[in-house]
2 protein chains.
Amino acid sequence: MEKPDKRNSILTAAEELFSDLGYEGTSTRQIAKEAGANMSMISYYFGSKEGVFLEIMNRRMENFKAELTIIDEYQIPPMEKLFKVIEGYTTKILSNISFHKMMHRELSLAQRPEMYCKLKEAMSGNLNVIEKIIHQGIAEGSFRPVDIRMLIASIMGTITNVATMPSKITEGSILDITIPKDREILTQRLIIHLTDLVNTYLTPKK
Amino acid sequence: MEKPDKRNSILTAAEELFSDLGYEGTSTRQIAKEAGANMSMISYYFGSKEGVFLEIMNRRMENFKAELTIIDEYQIPPMEKLFKVIEGYTTKILSNISFHKMMHRELSLAQRPEMYCKLKEAMSGNLNVIEKIIHQGIAEGSFRPVDIRMLIASIMGTITNVATMPSKITEGSILDITIPKDREILTQRLIIHLTDLVNTYLTPKK
DNA sequence: CAAAACTAATCAATCGATTGATTGATTTTT
DNA sequence: AAAAATCAATCAATCGATTGATTAGTTTTG
């Protein structure tokens, strides 16, 4: 016997719809229809449309954080740490594009102050780890002195650009990030590019 | 004597609201109120809410394009071209953040196919200019061979990251991109970082 | 053990509020 | 006076949310 489990199907449907159409662009009727559930199930399980949104964000955020702080503990050179952070971050984001789109829109619009703060907090937590690593590298002389915040903007921005930009925009490229196989290829290509970029940029000239 | 010019005040109000609240998150009543105009003025001048949106986007896009193609014509080394492109692009985007936010959301959501195509076209036009320059540099040996598309993603992504991310996220930084004076500082800092980054990354190792 | 009581999950129907848009009358400009 | 611009009032449609009723599964009771 199959379990309907409308609760999860609502979350799944809502995440995709929010990601594709935006929060305001998605109606509770669409969510219910897509989830194969009755509208009232949304209120029943999550209280409101915003409740669904918050549940999705909180879930994904929990799964997202931490990870990076562990890498910082490793006893390896800063450059190796940076590589691991880049690999971890890229993989995470490219395998959760829907959430990443939602998150970015949330930070850009800044309408739900509570959620905004949570995201900001989670975000700057990750930022600080990266900043610390780069700072350490510069201090010990294994990195060139650079504008740390701007370099982080480059790293984050590159990943976001690949993740959110419609792949069709890169004309000629047949890769489509919505296709799992292509996404895997893109992920590796992005990791290679970013590690090459920061390595070249941060390695002191002889 | 002041001219009411409701038409323009509607466009101005709508651009800011669309940028802050998103397209679906903005109501025609808000636009009218903010513009100090009657609701029906929106239909009168633009036909519909979407008409307002399209007018804003088309205006800004016209103003945005071209510029880059001229740079490509200059008789200067590829690296100098790239610097000029970066400077021009960065300045343009950071002085039109509202439009840039709208544009990115439009590309991310892809709901109005017609507008989406226009934006894609304008975007890939700019991309191709940059690609051509980098390609030329690699061909003549003044650039290292790199993943061109990914490098472009880094350049664009960095600018977008600085432009769309709430400045508060960079804790410690007191710079607020919404304040003109701070924005000017950030713009210069961003240009310096990007030129330094691409210069270091593209210059062949001796 | 079986009847009764309770609970979680689901549904169709409907609520008041808000949406984008339009109307016809009125004012301003030319 | 003709044209252009503006207004208050109103439209049908859709929004998010709630209601009361129903079902199925579990617990408690006698």
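Computed from a predicted model, the values in this text were never measured in an experiment.

The next point concerns the overall build of chain A. The helix and strand tally for chain A stands at 10 helices and 0 strands. Along chain A, helices and strands appear, N-terminal first, in the series α-α-α-α-α-α-α-α-α-α. The C-alpha extent of chain A, read off along each of the three principal axes, is 65 × 40 × 35 Å. The buried share of chain A, taken over its 206 residues, is 52%. Intrachain contacts of chain A at a sequence separation of at least 6 include 68% that bridge at least 24 residues. Split by element, the accessible area of chain A, about 10000 Å² in all, is 53% carbon and sulfur. The positive charge centre, built from 26 side chains, and the negative charge centre, built from 26, are 1 Å apart in chain A.

Close contacts around DNA strand C come from 18 residues, with M41(A), Y45(A), T28(B), R29(B) and K49(B) the closest. Sugar and phosphate atoms constitute 49% of the interface atoms of DNA strand C, taking the interface as everything within 4 Å of the protein. A distance of 3.2 Å is found between a phosphate oxygen of DNA strand C and a backbone nitrogen or oxygen belonging to T26(B). A distance of 2.6 Å separates a phosphate oxygen of DNA strand C from a polar atom in the side chain of K49(B). Among the elements that make up the surface near DNA strand C, the one with the highest residue count is helix α3 (residues 40–46) of chain A (4 residues).

Moving on: the interface of chain B and chain A. With 45 residues of chain B at the interface, the matching set in chain A holds 45 residues. Of the roughly 4100 Å² buried where chain B meets chain A, counting both sides, 60% is carbon and sulfur surface. Between the two partners, chain B and chain A, sit 4 salt bridges. Salt-bridge contacts for D196(B) lead to R144(A); the nearest nitrogen and oxygen are separated by 3.6 Å. Taken together, the connections running from chain B to chain A amount to 18 residue pairs in polar contact (both at pLDDT 80 or more). Elements supplying a minimum of two residues to the side of chain B that touches chain A: α1 (6–21), α7 (97–109), α8 (113–139), α9 (148–164) and α10 (180–202) of chain B. Residues belonging to the side of chain B that touches chain A are distributed by class as follows: 18 nonpolar, 15 polar and 12 charged.

Moving on, we get to the protein's contact with DNA strand D. Taken together, 15 residues lie around DNA strand D, and T28(A), R29(A), K49(A), M41(B) and Y45(B) are the ones closest in. Of all DNA strand D atoms lying within 4 Å of any protein atom, the proportion belonging to sugar or phosphate reaches 46%. T26(A) places a polar main-chain atom, nitrogen or oxygen, 3.2 Å from a phosphate oxygen of DNA strand D. In the environment of DNA strand D, a phosphate oxygen lies 2.7 Å from a nitrogen or oxygen atom belonging to the side chain of K49(A).

What follows deals with the side chain of K92(A). Residues and elements named next belong to chain A. Inspection of the secondary structure assignment puts K92 in helix α6 (residues 78–94). We classify K92 as buried; its relative accessible area is 16%. Setting aside residues up to four positions removed in sequence, K92 forms contacts with N63, F64 and E67.

Residues and elements named next belong to chain A. Along its 16 residues, helix α4 (residues 49–64) runs 23 Å from first to last C-alpha, staying within 8% of the 22 Å computed at 1.5 Å per residue. Taken as a whole, α4 has its buried residues at K49, G51, V52, F53, L54, I56, M57, M61 and F64. Lining the buried residues of α4 we find α1 (6–21), α2 (28–35), α3, α6, α7 (97–109) and α8 (113–139).

Quick look at the relation of the copies chain B and chain A now. Least-squares fitting of chain B to chain A yields an RMSD of 0.1 Å, with the superposition described by an axial translation of 0.0 Å and a rotation of 180°. The superposition operator between the copies reduces to a two-fold rotation axis. Residue G157(B), judged by its C-alpha, is the member of chain B lying nearest the rotation axis, at 2.0 Å.

Turning next to the environment of K181(A). With respect to the helices, strands and loops of the structure, K181(A) is situated in helix α10 (residues 180–202). Counting along the chain gives 14 residues from K181(A) to T195(A), while the straight-line C-alpha distance between them is 22 Å.

Bringing the pattern of salt bridges into the picture now. Across all of its chains, the model carries 18 salt bridges over all chains by this definition. By sharing partners, the salt bridges in this structure join R7(A), E55(A) and R59(A) into a single network.

Glancing now at the packing of α7(B) against α9(B). All names here are of chain B. Viewed as axis vectors pointing N to C, α7 and α9 meet at an angle of 115°, and their least axial separation amounts to 10 Å. By the angle between their axes, α7 is roughly perpendicular relative to α9. Judged by the twist between their axes, the crossing of α7 over α9 is left-handed. In contact with I97, H100, K101 and H104 of α7, α9 contributes T160, A163 and T164. Grouping the constituent residues of the contact of α7 with α9 by class yields 2 nonpolar, 4 polar and 1 charged.

This paragraph deals with the domain arrangement of chain A. Residues and elements named next belong to chain A. What the domain assignment lists for chain A is domain 1 (1–47) and domain 2 (53–202). Each partner contributes to the interface: domain 1 provides 11 residues, whereas domain 2 provides 12 residues. In total, domain 1 and domain 2 occlude about 1000 Å² of area from one another, counting both sides; carbon and sulfur atoms represent 53% of this. If you look at where domain 1 meets domain 2, you find 2 salt bridges. The salt bridge partner of E15 is R60, with a shortest N-O separation of 3.2 Å. Across the contact surface, domain 1 and domain 2 share 3 residue pairs in polar contact (both at pLDDT 80 or more).

The sites that carry the UniProt feature "DNA-binding region" (unreviewed entry) are, in the present numbering, residues 27–46 of chain A. The annotated region residues 27–46 of chain A carries 75% helix and 0% strand content, and the separation between its end C-alpha atoms amounts to 15 Å.

Here we take up the nonpolar core. In terms of nonpolar packing, the biggest core is built from 132 residues, with F18(A), V52(A), F18(B), V52(B) and L82(B) touching the most fellow members. In this structure F18(A) touches Y23(A), T26(A), I31(A), K49(A), V52(A), F53(A), I56(A), M102(A) and R105(A), once residues within four positions along its chain are discounted.

Rules of the game
Residues numbered from 1 in each chain as written. Chains lettered and ligands numbered in written order. Predicted model: local features only at pLDDT ≥ 70, side-chain atom pairs only at ≥ 80, totals over all residues. Heavy atoms only, no water. Helix = DSSP H or I, 4+ residues; strand = E, 2+ residues; numbered from the N terminus. Buried < 20%, exposed > 50% of the residue type's maximum accessible area, 1.4 Å probe, protein only. Contact = heavy atoms within 4.5 Å. Areas by Shrake-Rupley, 256 points an atom, 1.4 Å probe, with all protein chains shown as cover. Lys, Arg positive; Asp, Glu negative; His and termini not counted. Charge placed at Lys NZ, Arg CZ, Asp CG, Glu CD. Near = heavy atom within 4 Å. Polar contact = N/O pair within 3.5 Å; in protein donor to acceptor, adjacent residues only side chain to side chain. Buried area = accessible area lost by both parts, 1.4 Å probe. Salt bridge = Lys/Arg side-chain N within 4 Å of Asp/Glu carboxyl O. Nonpolar A, V, L, I, M, F, W, Y, C, P; charged D, E, K, R; others polar. Expected span 1.5 Å × (residues − 1). Least-squares fit on C-alpha atoms with pLDDT ≥ 70 in both. Axes fitted to C-alpha atoms, helices over the stretch in contact; angles between N-to-C directions. Parallel < 35°, antiparallel > 145°, perpendicular 65-115°, else oblique. Left-handed = near helix turned anticlockwise from the far one by under 90°. Domains from an automatic or database assignment. UniProt positions renumbered as here; feature names shortened; annotations may be inferred. Core = buried A, V, L, I, M, F, W, Y, C linked by side-chain atoms within 4.5 Å.

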